[in-house]
Amino acid sequence: MSVVQHTERSRGSEAEIDKQQKQQKHKTACPLNCWDVCGFEVTTADGKVKKVEGDSAHPITQGKICGKGVMLADRANHPDRLLYPLKKVDGQFERISWEQALDEIATAMQKVKKEYGSTAVLHSHDYSNGGLLKNLDQRFFNAYGGITELVGSLCWGAGIEAQMVDFGSAYSHDPDDLKNSQTIVVWGRNVTATNMHLYPYIQKAKKRGAKLIVIDPLATGITRIADQHVKVRPGMDGVLALIIIKKLVEQGLQAEDFLKHHTHGYEEFLKQVIEPLSLDQAIEWTEVPEEVINELVHAFSVGRPTCTLLGLGLQRYSNGGNTIRAIDALVAISGNIGIPGGGANYAHLGVGRSFNTTALAHSERKQAGRTFTRMTQADEVLEARNPSIKMLFVTRGNPLVQVPDASKTYQAFSQIETKVVIDQFMTDTAKVADYVLPCTTVFEEEDIYYASMFHSFVTYGKQVVEPYGEAKSDREIWTLLAERLGFGDEFAYTVEEFLEMGIPSLAEQGITLERLKQETTVKLQLEPVPWKDFRFETPSGKFEFHSIKLEEEKREPMIQLMLPEESRWSRPELASRYPYSLLSIHPQRSLHSQHFHLVQALQSPRIEVSEYIARQEGLTDGDQIEIFNDRGVFRGRVKIVVGTHPTTINVDEGRWQEFGGTINQLTPNTISDVGLGSTLYDCLVGIRKLG
Ligand SMILES: Nc1nc2c(c(=O)[nH]1)N[C@H]1C(S)=C(S)[C@@H](COP(=O)(O)OP(=O)(O)OC[C@H]3O[C@@H](n4cnc5c(=O)[nH]c(N)nc54)[C@H](O)[C@@H]3O)O[C@H]1N2
Ligand SMILES: Nc1nc2c(c(=O)[nH]1)N[C@H]1C(S)=C(S)[C@@H](COP(=O)(O)OP(=O)(O)OC[C@H]3O[C@@H](n4cnc5c(=O)[nH]c(N)nc54)[C@H](O)[C@@H]3O)O[C@H]1N2
Ligand code: SF4
Ligand SMILES: [Mo]
């Protein structure tokens, strides 16, 4: 070996050693708005994130995460990542300094407040990052004087209120409790795509002999392993639940004792809602044959304990609240409430409620206020007077892609004088802004991740790398703006002090910030079998078929048999023009719009049609078509899918303009029956083949 070679070799291995020394592993959490809130193990080197893996010590994650979590490293390191503040000048974005950006934004806010009042500012946000400190946006706007805020939810609004009305709150069983179920009903939850860590629990239960029924118009990963796939017509699940109840009661299979002692309005419910419903009518509406309805009666009664795992898709309809109420009623009447292995598992509010977010929001500082709903924000911006909306902040959201009736949102936002977007990428929403401020990713900030809808673990996430470029955390941006606006004292706290502010109620469970930092992932003490004492949080203390809360609010108190707004029976004329139901479910490989630029396979628009539709319209795979209704049009290539409801189409949501545009050009921006929920899937469309 020559001398040169030798020195090169040793230099190489020194570099290797150097590199390995610099390589470090850290624990943090997935910030994405997902059921699972995984624990991460992150490898860093040279101040960059190198790799994201699942934390093997996290009891739910068990070392496995989905591709969206893995790709967060690519998102952080992406060449298109925003790293400097930008200002639009003559239609083009120019790099400016933070000083300039913050000074100009603060000046504009002062001017707006003085001339029009603080409610001339709108904050349009969603929940794309599940960190506790993300609630500081509210603190900022409250201290500013109170603005126009968004209420309601594109996501789960109708179902949450439905469960509040029926039970007094929304709690789920611990995932481990699935070991006690004889039957599992996955009702509109796309387990393998959206909630992958539920899958092994279901597999285990199946191996043990539990029966799996999936009720979903589409064929998904979980329908593949189901013993029974019920392809209900979209929006008709409430009718399905009611007809199962009718048969169950006719056969005397109801939980008599529970109904007698722990429910309110049962007899009235039977008389008003169940008795008038005919089997033939229910079969026509749901398209579920009688034999299958009989099997479902069996599954909820003889097949007990029956665990119902509700998804959120089935309540994004104009009748969504009553759909969830009808399913809650079925679970209650069949005696599956408060027992191990049972439950109407929709959400898990216990987790969020364990945190003191109101202390972080500091609402006492608010002097004025106005609310728009998330669904109707565009209409309300267009109609707003005294004051009209002069300034817009968008954070933790991409409303131009994710909010229904997208062309209206575009129109409304475009007319607002000053628009500020805080994001990591130049999204479709950022493109219409006047100022775009670059924010850090999960790896560049410290927080506690707590927002699971599925399990009760919370994870402390430390900062594992310095902010990239000039990116700043949302907290820091609010702090710097607050200082300029004269309420810097509201933000004169360290990250640690803010985190402490949000967790005092955890102390009762022996959970302190110190413990969270030490153990990273800690389980909250939540009841694994909710309602086991049959003491409900409703006004009557009982499960309410007839809601006292709704009655007091002068709204319809009884569970209603309701059909979706856009159906052949509700709007025959509309249905004659637009014969197909359009779903726009969550993409498997992207968290809404966040991963489209990272996955090439996602970038060409795809319209999934059933074999029946393909025959009706003379379509073959790859044909270029457009789907349309009165609100808009969407173009893409046909993909024929098997095993789905015959007249249902799906186009995954989240698509950027440059990859074919959002499906929300077609969706309605109306509000659900109960709760302020969206009606995104209550949508009829027609098909046109392109030349
Ligand atoms: N990969 C991935 N995972 C995600 C997300 C993501 O964007 N991508 N988003 C996260 C968020 S914010 C949420 S809210 C959750 C949502 O989690 P899910 O509720 O599981 O997901 P959705 O895509 O909203 O819809 C779920 C299912 O509802 C079905 N469905 C639609 N209409 C009906 C109906 O009328 N009846 C019945 N029975 N079923 C119906 C759809 O066919 C679909 O299979 O997922 C989270 N996880
Ligand atoms: N057609 C149709 N539309 C839907 C749905 C559907 O099923 N069909 N689902 C609805 C549902 S369930 C939901 S939850 C909504 C989701 O709607 P959004 O939350 O608006 O969707 P995302 O694509 O996740 O956009 C989040 C944006 O926040 C940015 N971001 C990420 N982390 C941070 C951060 O820490 N700070 C700041 N400032 N920004 C950050 C991301 O880069 C991204 O651009 O969409 C709804 N829209
Ligand atoms: S998106 Fe969900 S499943 Fe994927 S890593 Fe994050 S929390 Fe886990
Ligand atoms: Mo959501």
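Every residue gets a number counted from 1 within its own chain, in the order that chain's sequence is written. A letter from A marks each chain and a number from 1 marks each ligand, given out in the order of writing. Per-residue local features are limited, in this predicted model, to residues with pLDDT of at least 70; the limit for side-chain atom pairs, both in listing and counting, is 80 or more; totals at the level of whole chains, interfaces and linings are taken over all residues. Hydrogens and water are ignored here; the side-chain numbers use all heavy atoms of the structure.

Draft legend 1. Highlighting the packing of aromatic side chains. Any two rings among Phe, Tyr and Trp, with Trp reduced to its six-membered ring, count as a pair given centres within 6.5 Å; such a pair is stacked if its planes are under 30 degrees apart, edge-to-face if over 60, and tilted if neither. Applying the stated rule across the entire model yields 26 aromatic pairs. Centroid distance F140 to F141: 5.0 Å. Interplanar angle 75°. Geometry classified as edge-to-face. When sorted by exposure, F140 lands in the same class as F141, which is buried. With a centroid separation of 5.5 Å and 45° between ring planes, the pair formed by Y266 and F545 is classed as tilted. Here the residue Y266 occupies a position in helix 12 (residues 266-274), and F545 occupies one in the loop between strand 21 (543-544) and helix 25 (548-552), the gap between them amounting to 279 residues. Across this residue pair, the class does not change: Y266 and F545 are buried. Within the aromatic cluster, the residues linked to one another by ring pairs are F167, Y171, F258, Y266, F269, W531, F534, F536, F543 and F545. Against the face of Y84 rests R95, its NZ or CZ located 3.5 Å from the ring centre. Geometry around Y144 places K113 over its ring, the cationic atom sitting 5.4 Å from the centre. Only protein chains enter the area calculation, which uses a 1.4 Å probe; residues under 20% of their type maximum are buried, those over 50% are exposed, and those in between are partly exposed. A run of DSSP states H or I qualifies as a helix once it reaches four residues; a run of E qualifies as a strand once it reaches two. Both are numbered from the N-terminal end. Only when the NZ atom of a Lys or the CZ atom of an Arg is both within 6 Å of the ring centre and within 35 degrees of the ring normal do we say a charge sits over the ring.

Draft legend 2. Up close: the pairing of strand 19 (residues 457-461). Here strand 19 lies mainly inside the structure; 5 of its 5 residues are buried. A two-sided burial pattern is seen for strand 19, the buried positions comprising F457, T459 and G461 on one face and V458 and Y460 on the other. Both strand 18 (residues 447-449) and strand 19 contribute to a ladder of 3 bridges, which runs antiparallel. Pairing of Y449 across the sheet is with T459, part of strand 19. Between any two strands, at least two bridges found by DSSP are needed for them to pair.

Draft legend 3. Broad picture of the site of ligand 3. Put simply, a residue is near a molecule or strand once any heavy atom of it comes within 4 Å of that molecule or strand. Around ligand 3 sit C30, L32, C34, D36, V37, C38, F40, I65, C66, K68 and G69, and that is every residue in its neighbourhood. Partitioned by chemical class, the residues of the shell around ligand 3 number 8 nonpolar, 1 polar and 2 charged. Classification convention: Asp, Glu, Lys, Arg as charged; Ala, Val, Leu, Ile, Met, Phe, Trp, Tyr, Cys, Pro as nonpolar; all other residues, Gly among them, as polar.

Draft legend 4. Local environment of the UniProt feature "domain: 4Fe-4S Mo/W bis-MGD-type" (unreviewed entry) in the chain. Feature annotation in UniProt assigns "domain: 4Fe-4S Mo/W bis-MGD-type" (unreviewed entry) to the following positions: residues 23-80. In the segment residues 23-80, helix accounts for 17% and strand for 34%; the C-alpha atoms at its two ends are 25 Å apart. UniProt positions are given in the numbering used here, feature names are shortened, and annotations may be inferred rather than shown by experiment.

Draft legend 5. A look at helix 14 (residues 290-300). Taken as a whole, helix 14 has its buried residues at V292, I293, L296, V297, A299 and F300. On an axial view of helix 14, the arc spanned by its buried residues comes to 160°, and they lie on one face. The arc in question is traced by the directions running from the helix axis to the C-beta atoms.

Draft legend 6. View of the nonpolar core. By size, the foremost hydrophobic cluster in this structure holds 82 residues, and its most contacted members are W187, L240 and F269. Among the elements that line this core, the one with the most residues is helix 10 (residues 237-250), at 9 residues. Contacts: residue pairs with any heavy atoms within 4.5 Å of one another. Setting aside its immediate chain neighbours within four residues, L240 contacts W187, I215, V230, V232, T286, V288, I293 and L296. As used here, the term nonpolar core means buried Ala, Val, Leu, Ile, Met, Phe, Trp, Tyr and Cys residues forming a set that is joined through side-chain atoms within 4.5 Å. Core analysis: the second largest hydrophobic core is formed by 52 residues, A120, Y435, L480 and L513 among them.

Draft legend 7. Geometry of the side chain of N142. Looking at where N142 falls in the secondary structure, it is placed in helix 5 (residues 136-144). N142 sits in the buried class, given a relative accessible area of 3%. Any pair of N or O atoms that falls within 3.5 Å is considered a polar contact. Within protein, one atom must be able to donate a hydrogen and the other to accept it, and sequence-neighbouring residues count only if both atoms are side-chain atoms. A polar side-chain atom of N142 sits 2.9 Å from the main-chain carbonyl oxygen of A361. Contact partners of N142, with chain neighbours within four places excluded, come to A361, H362, S363, R365 and K366.

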